[in-house]
Structures are given as C-alpha cells and as structure tokens.
Amino acid sequence: MSEKVIKVENLSKQYRLGDIGTGTISHDLNRWWYNVRGLEDPYLKIGEENDRTTRGINKYIWALQDINFEIKEGEAVGIIGRNGAGKSTLLKLLSRTTTPTKGKIKIKGKVASLLEVGTGFHPDLSGRENVFLNGAILGMRKQEIKNKFDEIVDFAGVERYIDTPVKRYSSGMYVRLAFGVAAHLDPDILIVDEVLAVGDAEFQKKCLGKMKDVSGRQGRTVIFVSHNMAAVKKLCTVGIVMRFGKIDFNGEVQTAINYYQKDQNINSRFEHFGEVIKAPGNENIRILKFTVSPLKGETITVSSGIEFEIAFYNNKANINLDVTFELKNSDEVVIFHHGKIVSNSKDAKLGLYTVKGRLTPFVLNAGNYQFTLIFGEDQRYSLFTIADFIQFEVMNESIGSNSSILPGIIRLPIEYEQSFQADIANVI
Amino acid sequence: MEVTAQESGQEKDAETWTEVITPRTNLLDLRLGEVWKYRDLLWLFVRRDFIAQYKQTILGPIWHLIQPLFTTLIFLFLFGRIANIPTDGIQPTLFYMSGITIWNYFSACLTSTSNTFLSNANIFGKVYFPRLVLPISIILSNIVRFGIQFGLLIVMMIWFQFHGYPIHLTIYWFFIPLLVVLMAGIGLGLGIIISSLTTKYRDLVILLGFAVQLGMYATPIAYPLSFLQNRGYARLIAANPLSPVVECFKYCLFGKGTFTLGSLTYSVTFMFVVLFLGSIIFNKVEKNFMDTV
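Residues numbered from 1 in each chain as written. Chains lettered and ligands numbered in written order. Predicted model: local features only at pLDDT ≥ 70, side-chain atom pairs only at ≥ 80, totals over all residues.

J.: Whenever I open this one, the overall build of chain B confuses me. Can you help?
T.: Scanning chain B from terminus to terminus reveals 13 helices and one strand. Across chain B, helices and strands are ordered from the amino to the carboxyl terminus as α-β-α-α-α-α-α-α-α-α-α-α-α-α. Counting every position in chain B, which comprises 293 residues, the buried fraction comes to 39%. Counting contacts in chain B only where the partners sit at least 6 residues apart, residues at least 24 apart contribute 79% of the total. (Helix = DSSP H or I, 4+ residues; strand = E, 2+ residues; numbered from the N terminus. Buried ≥ 20, exposed ≤ 12 C-beta atoms within 10 Å, placed from the backbone. Contact = placed C-beta atoms within 7 Å.)

Listed below in structure tokens is the structure:
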C-alpha cells in the first residue's frame, strides 16, 4: 500500500459577505450607523442572490464545509463538480494562496500548482528570462531550471523565439512555454486547474500525456480540476465529486463521473407551473415544458428510441419562427444540431406551441447527453438560447454475451452481409 | 521509510508531514528561512524589475541619471536662485544632488513596497511563495538604482574637486552604507504597513502619492536643517525621523550637517518600530488577503 501524501481534516473555508472590515471605511461607518439604528446591514443584500446563501443564512458563506479526504502517493485525482461547488477554493487552500477558516491540510512533499499557466510571466521579458522567473516563482532553484532548460524549450517548441519578449508570442506559444516550465517542475504533488482549455488539439494531447507521465510512471500525485469529463477520465484514477462545498462522492473515477452526471440528471424533465413570465426565457420566448422520454418502455436505453417534447410560449407575432435542438454528449461532442421550422411565412402567432421530435432506436450510444435549445427568427437571428438545458442518460443494453458499454459516439444498426468461399488456398 | 499502522500516533503524524496548513500561525513567525530558500527568486525579481523597466527605451538605465540631474537643476534654480536658501556652505549642486539621491531611494522603496499586494495580486492568487520576497526584492533593486545615482554624485564631486571644492574624504564615509540600510528599513517598514492596509482601504494609495511628495519638503533635502534654527517649526522638521538620516548623510559626504547622536538613535528606533509593526501586520494580512483584495 502506498503512503498518504495529502490528508485533509475537517477543512472549512468561510467567506464573509458583509460584516465589518470588508469594504472601505465609508462602508464600515455606514454599516455601523445602520446597526446603531437597528436596521439591517445595507451591504448584505448583495449576497442574497448567491445560490449558497440559503444554506449559510445571510452573513456567511461556507465555500467549503468539513471536507475530509486522503490522497495516496501516485494517485491522479480528478475533482469535479458544478460551478461554485468549492473546487477552486479547495485548490486555493491546497496551493496555499489563502488559509482555511477551520481544519487542517497535511502535505508530504513539494507541491506545485498550475492554477493558471504563465503566472508571473512578464510580457517585456524574453522567453528565456521568463522561464527562469516563472520556474523560480513555482519554487525551482536556478540550477534546476538551468538543467532542464533545453528540455522545456524543446517541449514548448519555441526554440526560435526564445530570446524574443513573450508579448510577441502567439497565445499558443505562450501557453506551451508556460506549461513547459510547469510540466518540468518535478513536484511530488502537482495541482492542475483547467489548463487544457487552451492550445491546439495536438498540444492538449501532449499535455495530457505529460501529466499522465507525471502521475503514472514517476509515481507522483496529480490533482486535476476540470469540467472536461473526457480529460478527467483519461488522466485520473480517483474522482472526487463536490457539491455545495461538501464532498459528495469519493471513489473510482468512472463511478465518480457517472455519479456527477446522474446528479445533473435530476433535471432531465422540465415543467413550469405558475406565471408564464417567470418561466425560463426572455421577452420573446418562455419555455413551459421540455421532456425527454423513451419511445417505448420506462427507461431510455440504446434500443428504446427517444421522444423529446417542448412547449413554449411565443411572444413575437408575424415572424418566421424556428427552434433548433442541439445534442451533446458528456465529452461536449455535438451529436446533432437540428432545427424545426415552426412557421415559414411570417405568420407565427402569440401563444403556446408544442413541438415533438423522435429519434429512432439504435442511434445514441449509452452515456449522458444534454440538450441545448436555440429559438431563432428567419433561421438566422437568435431569439433565445439556453445551453445544456436538459440532461439525460441513455442506459446500455447488452447484446448477446457482451454487457459492457461499447465505444463509439453513436450506435447504429448496421446491416452486414457475409459470404464464404472454400478452397481458396488451393487457388493460390 | 516505512510507516506501520501501530506507529501512526499523533507524534508520528507530525514527523512525517512536511507541511501542515492550519488557519492561524504565530504572528511573529516571519519564516525568514523560507525566504532564504527562495533566494533565487529574490534575485530574479530584482533582475526583472531592473530589466523590464527599461525595455524598449533607447536610453535604458541612463534614465536613472537624467532624473536626479534635472531635479538638481530645478532645485538650483528654485531654491538657490529664486528663494536664496543657503546650502550650509556646501557646493549647491552637490548639496541638492546628495539630498535628492538619498531621498529618491527612500521614496522609491516606500512607494513600490506599498504596492506589493495590489500589483501582485494576480501572482499571489495563483502560487505560494513567501510574500516577503517581493518587498525585499524591491528594496534590493532600488539599491542598484541608488548605486548608479550615487556614482553620478561621486563623479560630480570629482568634477568640483578641480573647481575649488575639494572632496572631504573622511572615515565617516564608512557610515554611508549604514545610513542606506536605515533608509531602506524605514521605507520597507512603512511600505509593508501601507501595503497591508491597502488590501482593504485603497484610499491609502492615493494618499501616499502626495504624502511622499510633501514628505520631501518636510525633510531637509532642498534646505539645510541649520537654516531653520531659531524658527518655530524647526522642531517639526526635526521630529521627522528621516531628517537626521539625511543630515548625517550630508555630514559624511561634506563634513557639514546638523544632527546629534540622540536624533540618530531616534531614527534607528523608529526604523525598528515600523519594521516590527510592519512585519506583524504583513504576516497577518498575507494569509488571507486574497479574500479581500
């Protein structure tokens, strides 16, 4: 059994929304004056719309609450969760840019964080100077950087530009150089946050490979935060799912991803009751209902087929109205982008439209999908768009003796033909 | 090293972890050892400050010379010609230039360290390194600047040597580095106090802008302290802890200046007090400033 390298105990981080000492003196005085008159703090209202305030009753937000986990040497841990789940706060604490309110983090070994590549890059300095500066900021000694300098430049592929100020670099070169420094840090624990969003596909592959190297072969620990489930799956062995500042799930990465995506599936059916004006939408469109259901049976499976139905209120008369359905899988790959023309001769009416669409069985492979809806005018102008509105899961169905999920984005019924001729050996 | 299950008691725990992050640590624990570990970074920051400032300029570091030269010219005209303020018998050009040189060092230390948190928030928010590295690097990179300007002063002194103002070479020249350290200490101390407070109250940034400017006139830079004798506000100027340092600096160079051992001790004490206060406040703020900045 390998050793623990990180142990987090009852870790909590509280952010103050108001309270004395967050604003300027005038705010503080004003707050005090309200307090004297027995009124509510005038600056607290800002925080009221924050999703999480409902839990902390106004004054405080617990960005993290009683987090406990351990990470063993050589593990690659993916931290996933929705925006505002506390992922970044956790990384900030781990990389020591801020301190916890309560609890402890125990760390064994050298930590390097890549919260954003190119930290401390000075635009006016040359690539060479920046490699040294950045390396030192990340905790390397000068001699270490010297030894690895060629390797870094080689990795980034910017040899020709190494003595040019980095402000003249293309953004790709900039990121490659920055990541090159970070990738050669040789830390015991590497913390990475969404760096792969930049750079071309080839470079992304290179980065993933390098990180895999770090975690796999060299026995180092990687903590990786990303919304890209494909990257998390590829890189990590363990997944931690966070939700509202707490750990929801901690375990094997595929299970964690499934857990996270299933958690989002709660909204695979949307129906709005009550005033139309409060339904999602804008002055043109209000969505009252959107459901995804199987054509036959109770659950959506590979063979069930899918029916999706939308009911929306149109508030713009006499236009050419259309609605487009865009389906993406969990790797953010668009499966289709398909529109239905609701009216084609400038005669859209005010009122409730219902549109149904059907996908025949054996189109989608098992996995998680999400719908984006785009309402358009003249098939050109967007009236209203809502991204990732509905998530749903297609369950796997075993074929014959094979019960595992097959690779591939789609799962088509393919008609095969087969023939056979004996004696061919004799012909040769 | 193998850790067996039986051994993993509390004491063993403390031994195996290289780092434990907790909410609060000792206020007086400056972790200077850690700063030493990051000395390469310190040096690279000094280099960066120096190189980056004059990238894409034609004259480069020569600007360090032009600024004091022109200020001296203005002072010669304003205080020498128009206001007719005496210069303690010191050659006027040298008198002004020496004052400007030491004042420049102080004001540069103060204004740049006071910006530590605000201008580096983006780096501080991403990676950890001992925060104290930055203000210290500023003090050091300004020493280089001071050195260049001091060199100019020496050149001027040599020039005036041949024009009837012999150089006053004494043992006191050895005290000059100590005076520079004293200036740096006061600048650093005040700077880190201000930088810590500006994470909450930005007003101080604006205030500091003209406070430094006015501070120069409250320090005997453009006039000798002796000029103020028998005037009511002389005490006020003498209460400025920088006054004895400047006067002593001029005494070391030219053999003329108004200071006592007592007034110098006052300055030294002041330095230690602001450094002490500064490091406590800095230490407290650096932990969580990312939440408020």
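J.: In this structure, what is going on with the overall build of chain A? I would like to understand it.
T.: Scanning chain A from N- to C-terminus turns up ten helices and 17 strands. Relative to its full complement of 428 residues, chain A shows a buried share of 36%. Contacts spanning at least 24 positions in sequence make up 68% of the contacts within chain A whose residues lie at least 6 apart.

J.: Can you help me understand the confidence of the model for chain A in this one?
T.: Where the model shows low pLDDT, its predicted coordinates should not be examined in detail. Summarising the model, chain A shows a mean pLDDT of 79, and 80% of its residues fall at 70 or more. Confidence drops under pLDDT 50 across residues 44-58 of chain A; counting only partners more than four residues distant or on other chains, this segment forms 19 contacts. (pLDDT = per-residue confidence, 0-100.)

J.: I tried to follow the sheet that holds strand 17 (residues 381-394) of chain A on my own but got confused; where do I start?
T.: Within a sheet, adjacent strands bond to each other through the backbone by hydrogen bonds, running parallel or antiparallel. Residue and element names in this part refer to chain A. Across the sheet, which stays open at both edges, the four strands sit in the order 14-13-16-17 with antiparallel pairing between neighbours. Strand pairing shows two members of the sheet lacking a second neighbour, strand 14 (334-341) and strand 17, which therefore form its edges. Averaged over all neighbouring strand pairs, the angle between strand axes comes to 15°, with direction disregarded. Taken together, the seven bridges between strand 13 (residues 321-329) and strand 14 define a ladder with antiparallel strand orientation. Along strand 14, the bridge assignment pairs Phe325 with His338. (Pairing = 2+ DSSP bridges. Axes fitted to C-alpha atoms, helices over the stretch in contact; angles between N-to-C directions.)

J.: How should I be thinking about the interface of chain B and chain A in this particular structure?
T.: Often, the extent of an interface is quoted as the loss of accessible area on bringing the components together. Listed per partner, the contact involves 32 residues of chain B and 37 residues of chain A. Elements that contribute at least two residues to the side of chain B that touches chain A include exactly strand 1 (19-21), helix 3 (39-53), helix 7 (121-124) and helix 13 (261-292) of chain B. In terms of residue count, helix 3 of chain B provides more of the side of chain B that touches chain A than any other element does, six residues in total. When its residues are assigned to classes, the side of chain B that touches chain A shows 16 nonpolar, six polar and ten charged. (Nonpolar A, V, L, I, M, F, W, Y, C, P; charged D, E, K, R; others polar.)

J.: How should I be thinking about the environment of B:Leu190 in this particular structure?
T.: All names here are of chain B. You can see Leu190 is positioned in helix 9 (residues 176-198). Residue Leu190 is classed as buried on the basis of its 23 C-beta neighbours within 10 Å. Sequence separation between Leu190 and Ser114 is 76 residues; the distance between their C-alpha atoms is 7.7 Å. Once residues within four sequence positions are removed from consideration, Leu190 is found in contact with Leu110 and Val274.

J.: Help me understand the sheet that holds strand 11 (residues 285-294) of chain A, please; the structure alone is not making it clear to me.
T.: Residues and elements named next belong to chain A. Read from one edge to the other, the open sheet built from four strands follows the order 10-11-12-15, with strand pairing classed as antiparallel. The open sheet has two edge strands, strand 10 (269-271) and strand 15 (351-359), and neither has a second partner. When strand polarity is set aside, the average angle formed by the axes of neighbouring strands in this sheet is 20°. Sheet analysis places strand 12 (residues 306-314) next to strand 15, joined by nine bridges and oriented antiparallel. Considered in strand 15, the bridge of Ile306 is made with Leu359.

J.: What should I look at first to understand helix 3 (residues 87-94) of chain A in this one?
T.: Because each turn of an α-helix spans 3.6 residues, side chains separated by three or four positions end up pointing in the same direction. When you tally the buried positions in helix 3 of chain A, you get seven out of eight residues, the bulk of the element. Two residues or fewer after helix 3 of chain A comes A:Arg96, characterised by a positive phi angle close to 65°.

J.: I keep staring at the pairing of strand 14 of chain A and nothing clicks. Help me out?
T.: The two faces of the sheet receive side chains in turn, since in a regular strand these alternate between them. With zero of eight residues buried, strand 14 of chain A lies mostly on the surface of the structure. Between strand 13 of chain A and the antiparallel strand that follows it, strand 14 of chain A, lie four residues; A:Glu332 among them carries a positive phi value of about 65°.

J.: Hey, could you run me through unusual backbone geometry in this one?
T.: Trans peptide bonds make up most of the peptide bonds, and negative phi angles are found at most residues other than glycine. Residues and elements named next belong to chain A. We note that Asn318 has phi near 55°; this positive angle belongs to a residue other than glycine. Structurally, Asn318 is set in the loop between strand 12 and strand 13. For Asn318, a count of 12 C-beta atoms within 10 Å puts it in the exposed group. Its identity is not glycine, yet Lys346 carries a phi of approximately 50°, on the positive side. For Lys346, the position within the fold is in the loop between strand 14 and strand 15.

J.: Quick question: what am I supposed to make of the nonpolar core here?
T.: Grouped burial of nonpolar side chains is what soluble globular proteins tend to show. Core analysis: the biggest nonpolar cluster contains 134 residues, and A:Phe224 and B:Met183 have the highest contact counts within it. Looking at which element gives the most residues to this core, the answer is helix 5 (residues 92-113) of chain B, with twelve residues. Contact partners of B:Met183, with chain neighbours within four places excluded, come to B:Ile102, B:Tyr105, B:Phe106 and B:Val245. (Core = buried A, V, L, I, M, F, W, Y, C linked by C-beta atoms within 7 Å.)

J.: Help me understand the packing of helix 9 of chain B against helix 10 (residues 203-217) of chain B in this model?
T.: Packed helix pairs are characterised by how far apart their axes lie and by the angle those axes make with each other. Contact pair helix 9 of chain B / helix 10 of chain B: the axes reach a minimum separation of 8 Å and the direction vectors enclose 145°. Of the residues in helix 10 of chain B, those touching helix 9 of chain B at B:Ile194, B:Leu197 and B:Thr198 are B:Leu204, B:Val205 and B:Leu208.

J.: Explain helix 5 of chain B here, please?
T.: Between the first and last C-alpha of helix 5 of chain B there are 32 Å, a value that for 22 residues agrees with the 32 Å anticipated at 1.5 Å per step. For helix 5 of chain B, a buried count of 19 out of 22 residues is recorded, marking the element as mostly surrounded by other parts of the structure. (Expected span 1.5 Å × (residues − 1).)

J.: Got a minute to help me understand the packing of helix 8 (residues 133-161) of chain B against helix 9 of chain B in this structure?
T.: All names here are of chain B. Across the interface, helix 8 lies against helix 9 with an axial gap of 11 Å and an inter-helix angle of 140°. Regarding the angle of helix 8 to helix 9, the classification is oblique. Relative to helix 9, helix 8 is oriented so that their crossing is right-handed. Contacts from Pro135, Ile139 and Phe146 of helix 8 reach helix 9 at Val180, Ala184, Leu188, Gly191 and Ile192. (Parallel < 35°, antiparallel > 145°, perpendicular 65-115°, else oblique. Left-handed = near helix turned anticlockwise from the far one by under 90°.)

J.: Even after reading the chapter, I still don't get the environment of B:Tyr217, so can you show me in this structure?
T.: All names here are of chain B. Along the chain, the position of Tyr217 falls in helix 10. Accessibility expressed as a C-beta count within 10 Å gives 11 for Tyr217, which makes it exposed. Between the alpha carbons of Tyr217 and Ile237 there is a distance of 9.2 Å; along the sequence they are 20 residues apart.

J.: Looking at this structure, I do not really get the pairing of strand 12 of chain A. What am I missing?
T.: Alignment of strand 11 of chain A against strand 12 of chain A, held across nine bridges, turns out to be antiparallel. Looking at strand 12 of chain A, one finds that A:Ser293 is bridged to A:Glu307.

J.: Before we go on, may I ask you to explain the confidence of the model for chain B in this structure?
T.: All names here are of chain B. Averaged over all residues, the pLDDT of chain B equals 84, while 92% of them reach at least 70. Contacts for the low-pLDDT stretch residues 1-14, under 50 throughout, to residues beyond four places or in other chains number five contacts. Across the predicted assembly, pTM comes out at 0.69 and ipTM at 0.77.

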